[in-house]
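Examination of the molecular architecture
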Amino acid sequence: MLLLLDVDSTVAFPTVQLSSRTNNRCFNSCKSIPFDGEYPSYYDRSGVGLTQQFPWKNRRQLSLALRAKSDDQVEFQRSLLAAKIANDIKGTVVKEENHRQERVEKQIYLEKEKLQSAVKEVQEAAQNVTLSAKNLGGAVISNSTEVKDAVADVSQSAKSLGGAVITKGLGIVTRFLTTLLATHEFRLVVFICFTTTSCLQFAGGRPLARILSSNTVWLRLYSFHRKDILRRRKYYVSDWTDGFKKKRQVVPAVLFLYFACLAPAVSFGTIASEITNGSIGVVEFLLGSGVAGMIYSIISGQPMSFLAPTGLTLAFISGLFRFCSLRQLSFFPVYAWVGLWTSLFMTLLGVSGSSKLIRYCTRFTDEVFNGLLSVNFIYEAVSSLRRNFMIAHMNDPMNLTMPFVALSVALGTFVSTMKVVKFEATKFFNTKIRTQIKNFGPVTVILTFTLLNLLPWFQKFHVPTLIVPDTFQLAGGRNFLVGLKDIPTKVRLLCAFPACLLTALFFMDQNISVRLVNSPDNKLKKGEAYNVDMVALGIITGLLSIFGLPWMCGATVQSMNHVRAMSETRLNQETNEIEIVKVTETRLTGFIIHALLASTVMLLPVIKTIPIPVVSGVFLFLGRKLMTGNSFLKRITDAFAERRRLPDNNPLNLLGRKKTLIYTGVQVLCLLGLFGFKQIPAITIFFPAMIGVLMSIRAFILPKIFSEDDFVALGDPTPV
């Protein structure tokens, strides 16, 4: 910057007369003196005293004197002016920062006032709920005619309370985060944290910058997914051709598993139609199950596992529908965005190799979860049969013929299916005939009882059949594609929060189901691919969400029965139990089964002829079959057995009855807790947290009671 002097100025500049001997030294020593707005008197660095001061006579002399100065003197004057300008700029910046801080503090103060107002509104809504509940209680006690009005008042107050909490709470959080991000202190903390982390030595003394290079973290994250692909890629062709080589095994497996997958789809579709006011029905569940299963059989890593609707997923959909109804939001756009967020999260979890964490879910958790699924299927079957008795009692208490006939059909289906499946271990006929009876027996039983119900003399009992639409049409006549732009952008972003819960549910359910399929007891040879399965489920979830079809997840019962149907077994003469020799691992069965399931929407009038008790019998069989091989449930029966008649490696003989019963008792309590938790619809979406509780019990509580040798004897070693 140039120094400009106005020679016409009337201001007198005080200066000093320097001796010729010390002139240069003086100005060189003065360059380091700060500028304070005035021209000071200077001392000679050599110790010479004050020089004489005098003002110039006029401006002309001043101008000539300045021009006569050396280059060092001009540079000194420029440096003084630059220092003054720098001080002015610094002062301006400080003032602007102070003003900005004042604005931020004012904004925070306003947000605090809004927070207090929202809290006050919530408190008032809570008081209204309490007052309405008291009025309801008084109305009930006094047998007043105002009971209905009081109930309506309570309901309206509860809705107001929920709306106040949801609306105000989200708004407050959003405004708080916005204000926090605007503060200088928050950005400074983030910068310090990032800088400090970057300076830390990590992973054997390597800087974080090196770890974040393309050859470390990113390849390492992708390597888990890549290893799964390489492990299964060489078997992909054989996954299809092996099915064509085992036609006698594939055909009966397809026919039986078709009914095994059809029953849950129709059952859950009927329930979903009721709880969503007809938004999602049987057609959507049949189509979604079929499409998801076909895609999964093509792109998954482990084709022996199946996708299907589950009770936990249905409970989540129910909760989401109630929330949308409460907030007057369009259900399908919210449903689609929650599914898209879940698809993103699941894909990232799969690519990053997070499925390796499932190894900390030990056999203790697997057995309890497996037992829960078995109990759920049996519970649903019993509830369906019980419903027949309740309906008959309401219509005609003296005529219970229909419910008893339905009970007989269900038990006949269950017992007959169990008998034909176990026929292979009998002594009748030869091996080929026994195998054919075992393979085609379950389908024959289902068709037999269905045809029996079509006989004229049997129809007078009015056994209920499946309730499905007459024609193929989506619920409400809606379009296939969901309008993703029908909700505000803020709601689309907030859909990520429920998506986190759904992701946790899918993560646990999917990995545990695939883990049970990959169990060493099943003797699979081609290896697992947990991360590929996770990515496949993420992609399928996104597609189903866009079309408004119900979400699918890992189905343990159908998957395990798929493994059983495709396995070659033999009778162990020592244990007198059937054990698996070999499993035909193929994608063909899963693809054909779900293709038939999707095409069922074109055969709805035929599906309506299947009796519901037959479906209940299939549910009983699936639940009982899943108990096979569960050592937890086997230990319950062994607790009443004589120890001398048990094998030497039985936990009762290795650990004693007391320790074995304590371990089994803890599992029974966990099973009862999970079943009770699942029966409360309002909190079912938090079910993944209960799986975490099981893992915590095994990791932190049981080691205080049992040693590692005890866990090994129980078949539940601690993962390293």
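The rules behind each value
Residues numbered from 1 in each chain as written. Predicted model: local features only at pLDDT ≥ 70, side-chain atom pairs only at ≥ 80, totals over all residues. Heavy atoms only, no water. Helix = DSSP H or I, 4+ residues; strand = E, 2+ residues; numbered from the N terminus. Buried < 20%, exposed > 50% of the residue type's maximum accessible area, 1.4 Å probe, protein only. Contact = heavy atoms within 4.5 Å. Areas by Shrake-Rupley, 256 points an atom, 1.4 Å probe, with all protein chains shown as cover. Axes fitted to C-alpha atoms, helices over the stretch in contact; angles between N-to-C directions. Parallel < 35°, antiparallel > 145°, perpendicular 65-115°, else oblique. Left-handed = near helix turned anticlockwise from the far one by under 90°. Nonpolar A, V, L, I, M, F, W, Y, C, P; charged D, E, K, R; others polar. Salt bridge = Lys/Arg side-chain N within 4 Å of Asp/Glu carboxyl O. Core = buried A, V, L, I, M, F, W, Y, C linked by side-chain atoms within 4.5 Å. Expected span 1.5 Å × (residues − 1). Arc of directions from axis to C-beta. Phe/Tyr/Trp six-rings, centres within 6.5 Å; stacked < 30°, edge-to-face > 60°. Lys NZ or Arg CZ within 6 Å of the ring centre and 35° of its normal.

Quick word on the overall build of the chain
In terms of helices and strands, the chain carries 28 helices and six strands. Counting only residues that meet the buried cut, the chain has 42% of its 720 residues in that class. Residue pairs at least 24 apart in sequence account for 78% of intrachain contacts in the chain once pairs closer than 6 positions are excluded. Accessible area of the chain: about 39000 Å², with a carbon and sulfur share of 64%.

Concerning the packing of helix H9 (residues 247–275) against helix H10 (residues 282–299)
If you want to describe how two helices pack, look at the angle between their axes and the distance between the axes. Taken N-terminus to C-terminus, the directions of H9 and H10 make an angle of 140°; their axes are 7 Å apart at the nearest point. Looking at the two axes, H9 sits oblique to H10. Crossing of H9 over H10 shows right-handed handedness. Note on element contacts: H10 touches H9 through Val 282, Phe 285, Leu 286 and Ser 289, opposite Leu 262, Ala 265, Val 266, Phe 268, Gly 269, Thr 270 and Ala 272. Of the residues contributing to the contact of H9 with H10, the split by class is eight nonpolar, three polar and no charged.

Comments concerning the pattern of salt bridges
Counted by the stated rule, this structure contains 14 salt bridges. Note that Asp 366 and Arg 515 form a salt bridge whose closest N and O atoms lie 2.4 Å from each other. Of this pair, Asp 366 sits in helix H13 (residues 363–395) while Arg 515 sits in helix H18 (residues 496–517); the two residues are 149 residues apart in sequence, bridging distant segments of the chain. Of the residues examined, Asp 366 reaches a relative accessible area of 7% and is grouped as buried. Notably, a salt bridge pairs Glu 367 with Arg 635, separated by 3.6 Å at the nearest N-O pair. Pair noted here: Glu 367 is in helix H13 and Arg 635 is in helix H24 (residues 631–638), with a separation of 268 residues, a long-range link. Judged by relative accessible area, Arg 635 falls into the buried class, the value being 5%. Residues joined by salt bridges that share partners form a network here, namely Arg 232, Asp 239, Asp 242, Lys 526, Glu 585 and Arg 587.

Regarding the nonpolar core
Membership of the largest hydrophobic core comes to 126 residues, with the highest contact counts inside it found for Leu 286, Phe 331, Val 338 and Trp 551. In terms of residues, this core owes the most to one element, H9, which gives 15 residues.

Some thoughts on helix H26 (residues 657–678)
In this model H26 runs 31 Å from its N-terminal to its C-terminal C-alpha over 22 residues, within 8% of the 32 Å that 1.5 Å per residue would give. Burial in H26 covers these residues: Thr 660, Tyr 663, Thr 664, Gln 667, Cys 670, Leu 671, Leu 674, Phe 677 and Lys 678. Looking down the long axis of H26, one finds its buried residues gathered within 145° of arc, a one-sided arrangement. For H26, exposure combined with an orientation more than 90 degrees from the buried face picks out Lys 658, Leu 669 and Leu 672. Close packing links the buried residues of H26 with helix H11 (311–327), H13, H24, helix H25 (651–655), helix H27 (687–701) and helix H28 (708–713).

Let's talk about the packing of helix H20 (residues 556–565) against helix H23 (residues 612–626)
In the contact formed by H20 and H23, the axes pass within 10 Å of each other and the chain directions differ by 75°. In terms of orientation, H20 and H23 fall into the roughly perpendicular class. Contacts from Thr 556, Val 557, Met 560, Asn 561 and Arg 564 in H20 reach Phe 621, Leu 622, Lys 625 and Leu 626 in H23. For the contact of H20 with H23, the residue count by class is five nonpolar, two polar and two charged.

Things to note about the packing of aromatic side chains
Under the criterion given, the structure shown has 19 aromatic pairs. Judged by centre distance (5.6 Å) and plane angle (80°), the ring pair of Trp 457 and Phe 458 falls under edge-to-face. Under the relative-accessibility criterion, Trp 457 is labelled partly exposed at 49%. On the accessibility criterion, Phe 458 (8% relative accessible area) is buried. Joined through ring pairs, the aromatic side chains of Phe 316, Phe 321, Phe 331, Phe 332, Tyr 335 and Trp 551 make up one cluster. The ring of Phe 711 has Arg 698 sitting right over it, with the charged end atom 3.7 Å from the ring centre.

Some remarks on unusual backbone geometry
The backbone of Asn 277 sits at a positive phi, close to 55°, despite the residue not being glycine. The exposure class assigned to Asn 277 is exposed, which follows from its relative accessible area of 64%. Even without a glycine there, the phi angle at His 462 is positive, about 55°. With respect to the helices, strands and loops of the structure, His 462 is situated in the loop between helix H16 (456–459) and helix H17 (489–494). Residue class for His 462 comes out exposed when judged on its relative accessible area of 63%.

Remember that the coordinates give geometry; whether it matters functionally is a separate question.
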